[in-house]
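Each chain, written out:
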Amino acid sequence: MIEGLDKILEGSGQPGLVELRELLQELLGGRDGAGRVIGQDALQQRAQRVFRLRFGVNGQTRSVVVKRLKPAIARRDELVANRWLPAIGLSETGPPLLGSVAERSGACVWHVYEDLGQWELDPRQPDHERVRAVVELIARLHTRFAGHALLGEVRLHGGDVGIRFYESNVRDAIYGLQGWQPATPHRALRDSLLGRLYKLREELPRRAQAEADCGGPETLLHGDLWTINVFVIPTAGGLRARLIDWDHAAVGPASYDLSTFLLRFPAEHRRWVLDLYRKAVAGAGRHLPGEPELNRLFETHEYARFANRIIWPAIALVMDRAAWGVEALAEIDGWFGQFEPVLPVAAELTV
């Protein structure tokens, strides 16, 4: 048995620890495997649902990452790893899922992943070859899954983040804010956000047409393409990119992923990153629209995300009078005010 395994995450209040410990024992050497726990760290201090665990097993150090998930999200992640990515020949570039186990009541599921180490992509000082490896992987994902027979299954388990995502989030955010009757000091905040949302609602036909004209085919999207979810690992055969944390995998236009990814980089780097992607998809016969059209698509995706973030504090204010909701809405209103094109617009030349 693994010494100390019965103490893993003890006192953390996590559900399903008995089941998780049994799975870890099985993965680390079966019922007769011997070893000991040598460390554990929380990787998400706020959420407290992702942990790195280190073991000494048969004279070697073994490190895994465990993650507690809602059952529906766990099912989505398992489909990504075991069905969707293998269907397009990318099984070795997705989440390194070793095993999963449900808590006895079914309230949550624990996933155990291979620990990839400290190879996250750094967008602040991006290395060209590391970025190229990632961009080429993203391009393969988008082009190989475009129009794929499994898109209906992805939509069922992951949802749709195309123009319907924009429309429904704008509508639901309006419902939430209209139901909030704030005291006088906060009415200006509510009215400001409602004004922004009414404008977005009016723009729906134009934005829908732009996506239809320029968005390209629907495909499988990672859905949360921050660089913390991107690893570039040196191997004997060169750099190998992997994408982790597929909790938001969905169907939609490739520009949804591309907008998230580009925004992680300082503005001065975004064009060459985009050029790498443009060249990569061109090799598969996909040609991106120009920068003005891309910026309009990116803006639609980002505003849809902003609208989505309004819904939950608005509901909390209406139903629970939760004080935190006001601060959250003020922050989102600031996002609208500060938003600039993803691809910086060149200043007009003056004579």
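Everything that follows concerns the structure shown earlier in this document.
Undergrad: Would you mind going over the overall build of the chain in detail, with residue names and values included?
TA: What the chain contains, in helices and strands, is 11 helices and 10 strands. Here the C-alpha radius of gyration of the chain, 22 Å, is about what a compact globule of 351 residues would show, namely 20 Å. Considered along the principal axes of its C-alpha atoms, the chain spans approximately 75 × 55 × 40 Å. Residues counted as buried form 48% of the 351 residues belonging to the chain.

Undergrad: Would you mind going over unusual backbone geometry in detail, with residue names and values included?
TA: Located in the positive-phi region is Leu-9, a residue other than glycine, with phi close to 60°. By the element assignment, Leu-9 lies in the loop between strand E1 (2-3) and helix H1 (17-27). Judged by its relative accessible area of 3%, Leu-9 falls in the buried class.

Undergrad: Would you mind going over the nonpolar core in detail, with residue names and values included?
TA: The tendency in soluble globular proteins is for nonpolar side chains to be buried side by side. Of all hydrophobic cores here, the largest spans 75 residues; its most connected members are Leu-177, Leu-197, Leu-220, Phe-261, Tyr-277, Ile-310 and Leu-329. For this core, the element with the most residues is helix H10 (residues 291-320), which contributes 11 residues. Once residues lying within four places of it in the same chain are set aside, the contact partners of Leu-329 are Leu-177, Trp-180, Leu-189, Leu-193, Ile-310, Pro-313 and Leu-317.

Undergrad: Before we move on, can you summarise the packing of aromatic side chains with the specific residues and values?
TA: The final tally for this structure, using the stated rule, is eight aromatic pairs. Summarising the aromatic geometry, the rings of Tyr-303 and Phe-306 are spaced 6.0 Å apart at their centres and angled 55° between planes, so their arrangement reads as tilted. With Tyr-303 and Phe-306 both in helix H10 and three residues apart, this pair spans about one turn of that helix. Each member of the pair, Tyr-303 as well as Phe-306, carries the same accessibility label: buried. With a centroid separation of 6.1 Å and 85° between ring planes, the pair formed by Phe-306 and Phe-339 is classed as edge-to-face. One end of the pair, Phe-306, is in helix H10; the other, Phe-339, is in the segment after helix H11 (324-338), and 33 residues separate them in sequence. By the burial criterion, Phe-306 is buried, and Phe-339 matches it.

Scoring rules and cut-offs
Residues numbered from 1 in each chain as written. Predicted model: local features only at pLDDT ≥ 70, side-chain atom pairs only at ≥ 80, totals over all residues. Heavy atoms only, no water. Helix = DSSP H or I, 4+ residues; strand = E, 2+ residues; numbered from the N terminus. Rg over C-alpha atoms; globule rule 2.2 N^0.38 Å. Buried < 20%, exposed > 50% of the residue type's maximum accessible area, 1.4 Å probe, protein only. Core = buried A, V, L, I, M, F, W, Y, C linked by side-chain atoms within 4.5 Å. Contact = heavy atoms within 4.5 Å. Phe/Tyr/Trp six-rings, centres within 6.5 Å; stacked < 30°, edge-to-face > 60°.

Bear in mind that shape data such as this cannot, by itself, settle questions of function.
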